[in-house]
Amino acid sequence: MSVNELFVHAVSDFRKARQKAAMQGILARITGRSIKLLSYEDVRQKLRAIEGSKTVLRDIPLDAIVGSVGRNKDFSRNFLPLTDSDQDRWAGVMAATGSLSGLPPIDVYQIGEVFFVFDGNHRVSVARELG
């Protein structure tokens, strides 16, 4: 499949993800449950967590990623994209998953057993969509 074809399919995948986010938003209003992605800074302040600077490369489960550093308004709690303005970036990341180049690791902050994305929100969103 060509790069252009991968991108066209990825745009379609983005639109499906946006539709899921919209449906989750409607259900959230009906049920009173929030779909908001947690803000690292809000959680850090509430728990009085101290920032560390240790860098470790390791696998982490997608389900342990619960929030974002600065992008919590762009994605739902399930890391579905909430704005159409993210379409090209998201589709580019999705298309890259089908290429041989792969994707770089994400950067996260950890508080307890959960993680907050510092760099790689779109990669997490795409990974969740891919299962």
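As shown above, the structure is provided for reference.
In short, a report on the structure.

About the thresholds
Residues numbered from 1 in each chain as written. Predicted model: local features only at pLDDT ≥ 70, side-chain atom pairs only at ≥ 80, totals over all residues. Heavy atoms only, no water. Helix = DSSP H or I, 4+ residues; strand = E, 2+ residues; numbered from the N terminus. Rg over C-alpha atoms; globule rule 2.2 N^0.38 Å. Buried < 20%, exposed > 50% of the residue type's maximum accessible area, 1.4 Å probe, protein only. Contact = heavy atoms within 4.5 Å. Areas by Shrake-Rupley, 256 points an atom, 1.4 Å probe, with all protein chains shown as cover. Lys, Arg positive; Asp, Glu negative; His and termini not counted. Charge placed at Lys NZ, Arg CZ, Asp CG, Glu CD. Core = buried A, V, L, I, M, F, W, Y, C linked by side-chain atoms within 4.5 Å. Axes fitted to C-alpha atoms, helices over the stretch in contact; angles between N-to-C directions. Parallel < 35°, antiparallel > 145°, perpendicular 65-115°, else oblique. Left-handed = near helix turned anticlockwise from the far one by under 90°. Nonpolar A, V, L, I, M, F, W, Y, C, P; charged D, E, K, R; others polar.

## Re the overall build of the chain
Consideration 1: If you tally the helices and strands in the chain, you get four helices and four strands.
Consideration 2: When its helices and strands are written in sequence order, the chain yields α-β-α-β-α-β-β-α.
Consideration 3: For the chain, the C-alpha radius of gyration of 15 Å lies close to 14 Å, the compact-globule estimate for 131 residues.
Consideration 4: With the C-alpha coordinates of the chain rotated into their principal frame, the extents come out at 50 × 40 × 20 Å.
Consideration 5: Classification of the 131 residues of the chain by burial places 34% in the buried group.
Consideration 6: A separation of at least 24 residues holds for 74% of the contacts in the chain among residues at least 6 apart in sequence.
Consideration 7: Accessible surface, the chain: about 8,600 Å² in total, of which carbon and sulfur atoms supply 53%.
Consideration 8: Between the mean site of the 18 positive side-chain charges and the mean site of the 15 negative ones, the chain shows a separation of 7 Å.

## A look at the nonpolar core
Consideration 1: The biggest cluster of nonpolar side chains holds 13 residues, and the ones touching the most others in it are Ala10, Trp90, Met94 and Val126.
Consideration 2: Residue contacts for alanine 10: discarding those within four places in its chain leaves Trp90, Ala91, Met94 and Ala95.
Consideration 3: If you look at the next biggest cluster of nonpolar residues, it comprises eight residues, including Ala64, Ile65, Val117 and Val124.

## Observations concerning the packing of helix H3 (residues 87-97) against helix H4 (residues 121-130)
A pair of packed helices is characterised by two quantities: the angle between their axes and the separation of those axes.
Consideration 1: The interhelical angle for the contact between H3 and H4, taken along N-to-C directions, is 60°, at an axis separation of 9 Å. Comparing their axes, H4 and H3 come out oblique. In the packing of H3 onto H4, the handedness of the crossing is right-handed. On H4, the residues touching Arg89, Trp90, Val93, Met94 and Thr97 of H3 are His122, Arg123, Ser125, Val126, Glu129 and Leu130.
Consideration 2: When its residues are assigned to classes, the contact of H3 with H4 shows five nonpolar, three polar and three charged.

Bear in mind that shape data such as this cannot, by itself, settle questions of function.
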